[in-house]
Amino acid sequence: MKYYSLNNKAPEVSFKDAVINGIAPDKGLYFPESITPLPDSFFDKITELSNKEIAFTAINQFVSDTIPSNILNEILDNVLDFDFPVIEIEENIGTLELFHGPTMAFKDVGARFMAQCLGYFSKDVKNEVTVLVATSGDTGGAVANGFLGVDGVKVVILYPSGKVSDIQERQLTTLGKNITALKVNGTFDDCQAMVKRAFLDHDLLEKMKLTSANSINVARWLPQLFYFMFAYKQVKSKGKEIVFSVPSGNFGNICAGLVAQRLGMPVKHFVAATNVNDTVPEFMRTKEYLPKPSTATISNAMDVGDPSNFIRIRHLFEDDFDTLKNNLSSYSFNDEETRKALIHIYKTSGYIADPHGAVGYLGLKKYQERHPNTFGIFLETAHPVKFLDIVEETLSVQLEIPSQIKKVMGKEKKSTKITSYNELKAFLITS
Ligand SMILES: *Cc1c(COP(=O)(O)O)cnc(C)c1O
């Protein structure tokens, strides 16, 4: 499988080079040259398959030119060693819990998959690869955890000072070894802009091999399509049309869901639920894409004003607005609505959601007002404990701290403060 740049001004590359480059030399995101639907029999018999068998079949066409089957099997063994349950909380509504991994947010699968691929590829790359990544909260922890101890790979994480939760900060600043955290005086967009600038800095690139572990990297992005298939397997027997509501920030997760649909999985509709960072809901309303600075919210992993992967979604639909609209709706909700949803879910079903899941729930409810006879699944993208203060205060409950989180609570946070791109560059060159 070749990957081409969405800016069309860079050579096509293999999966391996797409992973190592992160972003194409013309600044475009890589996109697979084809998406061949899986046979109907795969989806008919999906309930008989293990998660690993599903994942192998789903991802193989995208990676097989550079990852042999036996290695892919090993990678998937390491990546998929936890559960992805769908919990029914109301009639026709289930939540797909994606937080049972080591850092308790859905990014664990993509981050581990990418780390394993890069570890495999860097066996025959002479120089060390530096993974540079911006995080709005959860990416950093998942990437730090996934790459910890991977030979030949150094990880540098940029996060916005004061805008990630205490637990999130601990997850990315306490590991040490090949992981370094940089605390940026600015927003997530500032962090992302610095990372993008580094990838285009020829002077820097001559000195080191840099790649990205944000969802712009195909190895981070594509494995997320597994979730949708794992969910489908669990609810197929209901015999209803399925709707996914995905709490969205950089739009990588939902874009992977749309790839699962393109692979032939029967899905009626996708809902991209956002907080007040509503660039995409506004696009779906006005057909105009107007990125804006991000606003801080209680669902901070979605505080993105210019979602990188939306361009992949538009491309998947050949930039045809009407076809896109038939498959995707997008709604935005503010913090007050999100808190009310947390309370509503807790009161009616006893289920404790996190603020991101609550936004997903709201998006689903809104869609189901007009499509009541569907089975809706909203993605619980993080464990509520990752947003401890907000959830405990909103619901007047006390959450039990899971062992994965307890492990980092007592450790000392270590990070370096930076305020500008030049400081980032100096850090990368000298460290
Ligand atoms: C990253 C993240 C999101 C947003 O996912 P995208 O793929 O960037 O749209 C939503 N919720 C949580 C908890 C996250 O960590």
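Counting starts from 1 at the beginning of each chain's written sequence and moves along it residue by residue. Local features are withheld for residues below a pLDDT of 70 in this predicted model, meaning they are given only at 70 or higher, and side-chain atom pairs are given and counted only at 80 or more; totals for whole chains, interfaces and linings count all residues. Side-chain numbers here rest on the full set of heavy atoms in the structure, without hydrogens or water.

(A) The pairing of strand β12 (residues 374-380), seen in detail. Buried, partly exposed and exposed residues are distinguished by accessible area as a fraction of the type maximum, computed with a 1.4 Å probe on protein chains only: under 20%, between the cut-offs, and over 50%, respectively. Helix numbers and strand numbers start at the N terminus; a helix is a DSSP run of H or I with at least 4 residues, a strand a run of E with at least 2. A large share of β12 lies buried, amounting to seven of its seven residues. The alternating pattern of β12 places T374, G376, F378 and E380 on one face and F375, I377 and L379 on the opposite face, and all of these are buried. DSSP bridges decide pairing: two strands pair if at least two such bridges lie between them. Note: strand β4 (residues 93-97) against β12, five bridges, orientation parallel. Among the inter-strand pairings, T95 is bridged to a residue of β12, identified as F378. Pairing of strand β9 (residues 241-247) with β12, which is carried by five bridges, proceeds in the parallel orientation. Bridged to I242 within β12 is F375.

(B) Quick peek at the side chain of T139. One can find T139 in helix α6 (residues 138-147). Contacts are residue-level and defined by heavy atoms, with any inter-residue pair within 4.5 Å sufficient. Contact partners of T139, with chain neighbours within four places excluded, come to K107, V133, A134, A213, N214 and R220.

(C) Structural detail: helix α4 (residues 69-79). When α4 is considered as a whole, its buried residues turn out to be I71, L72, I75, L76 and V79. Burial along α4 is one-sided: seen end-on, the buried residues are contained in an arc of 135°. Structurally, α4 contributes buried residues whose contacts are with α3 (51-63), α5 (107-121) and α11 (225-235). Note that the arc is defined by the directions from the helix axis to the C-beta atoms.

(D) Molecular detail of the site of the ligand. One heavy atom within 4 Å of a molecule or strand is enough for the residue carrying it to be called near that molecule or strand. Near the ligand there are 15 residues, and of these K107, D138, G249, N250 and T381 occur at the shortest range. N250 has a polar backbone atom sitting 2.8 Å from an oxygen atom of the ligand. Under this definition, polar contacts are N or O atom pairs within 3.5 Å; protein pairs additionally need one hydrogen-donor-capable and one acceptor-capable atom, and for neighbouring residues in sequence, both atoms have to be side-chain atoms. Separating an oxygen atom of the ligand from a backbone N or O atom of F251 is a distance of 2.8 Å. When isolated, the ligand has an accessible area of 390 Å², and the protein chains bury 98% of it. In a pocket analysis with a 2 Å cut-off to the grid points, the ligand is assigned to the largest cavity. Ten residues, namely Ala, Val, Leu, Ile, Met, Phe, Trp, Tyr, Cys and Pro, are considered nonpolar, four, namely Asp, Glu, Lys and Arg, are considered charged, and the remaining ones, Gly among them, are considered polar. Across the shell around the ligand, the residue classes tally to six nonpolar, seven polar and two charged. Surface exposure here means Shrake-Rupley accessible area, sampled with a 1.4 Å probe, where a residue is shielded only by the protein chains that are shown. Put simply, the grid is 1 Å and covers the protein atoms alone, a cavity is a trapped set of points that fit a 1.4 Å probe, a pocket is an open set with protein on both sides within 12 Å along at least five of seven lines, and lining residues have an atom within 4 Å of a point. Whether a molecule sits in a cavity or pocket is decided by its atoms, more than half of which must lie within 2 Å of the grid points.

(E) Inspection of the packing of aromatic side chains at higher detail. Planes of paired rings set the category: under 30 degrees apart is stacked, over 60 is edge-to-face and the rest tilted, where pairs are Phe, Tyr or Trp rings (Trp by its six-membered ring) whose centres lie within 6.5 Å. Within this structure, the stated rule accounts for 21 aromatic pairs. With a centroid separation of 5.8 Å and an interplanar angle of 55°, the aromatic rings of Y120 and F121 are classed as tilted. What makes F121 buried here is its relative accessible area of 2%. The interplanar angle of 75° and the centroid separation of 5.8 Å between the aromatic rings of F251 and F310 together place this pair among those described as edge-to-face. Of the two residues, F251 sits in the loop between β9 and α12 (252-262) while F310 sits in helix α14 (residues 310-316), which places them 59 residues apart along the sequence.

(F) Main features of the layout of surface pockets. Of the pockets and cavities examined, the largest pocket occupies roughly 420 Å³. As for the largest pocket, its lining consists of 19 residues, and the residues nearest its centre are N7, K27, L29, S308 and I311. Secondary-structure elements contributing two or more residues to the lining of the largest pocket are α8 (188-199) and α14. When residues in the lining of the largest pocket are grouped by element, the largest group, four residues, is from α14. Among the residues making up the lining of the largest pocket, the classes are represented as nine nonpolar, four polar and six charged. Grid points are joined across faces, edges and corners, and a volume is the space filled by probe spheres set on the points.

(G) Seen up close, the pattern of salt bridges. Each salt bridge in this description consists of a side-chain nitrogen of Lys or Arg and a carboxyl oxygen of Asp or Glu lying within 4 Å of one another. Applying the stated criterion across every chain, the model contains 18 salt bridges. K52 is paired through a salt bridge with D77; the nearest N and O atoms lie 3.0 Å apart. Taken together, the residues span a long stretch of sequence, with K52 in helix α3 and D77 in helix α4 at a distance of 25 residues. Look at K52 and you get partly exposed, because its relative accessible area is 25%. Put simply, R170 and D166 hold a salt bridge, and the shortest N to O gap is 3.2 Å.

(H) Representation of the nonpolar core in the model. To qualify as a nonpolar core, a set must consist of buried Ala, Val, Leu, Ile, Met, Phe, Trp, Tyr and Cys residues joined through side-chain atoms within 4.5 Å. Grouped together as the largest cluster of nonpolar side chains are 128 residues, with contacts concentrated most on F15, F147, L158, L225, M229 and F244. With nine residues, α11 is the single largest residue contributor to this core. Aside from chain neighbours lying at most four places away, what touches M229 is L38, F42, F43, I46, I54, A58, A260, L263 and M265. Judged by nonpolar contacts, the second largest core, of 33 residues, contains I93, V271, F378 and V391.

Treat this as a map of the structure, not an account of what it does.
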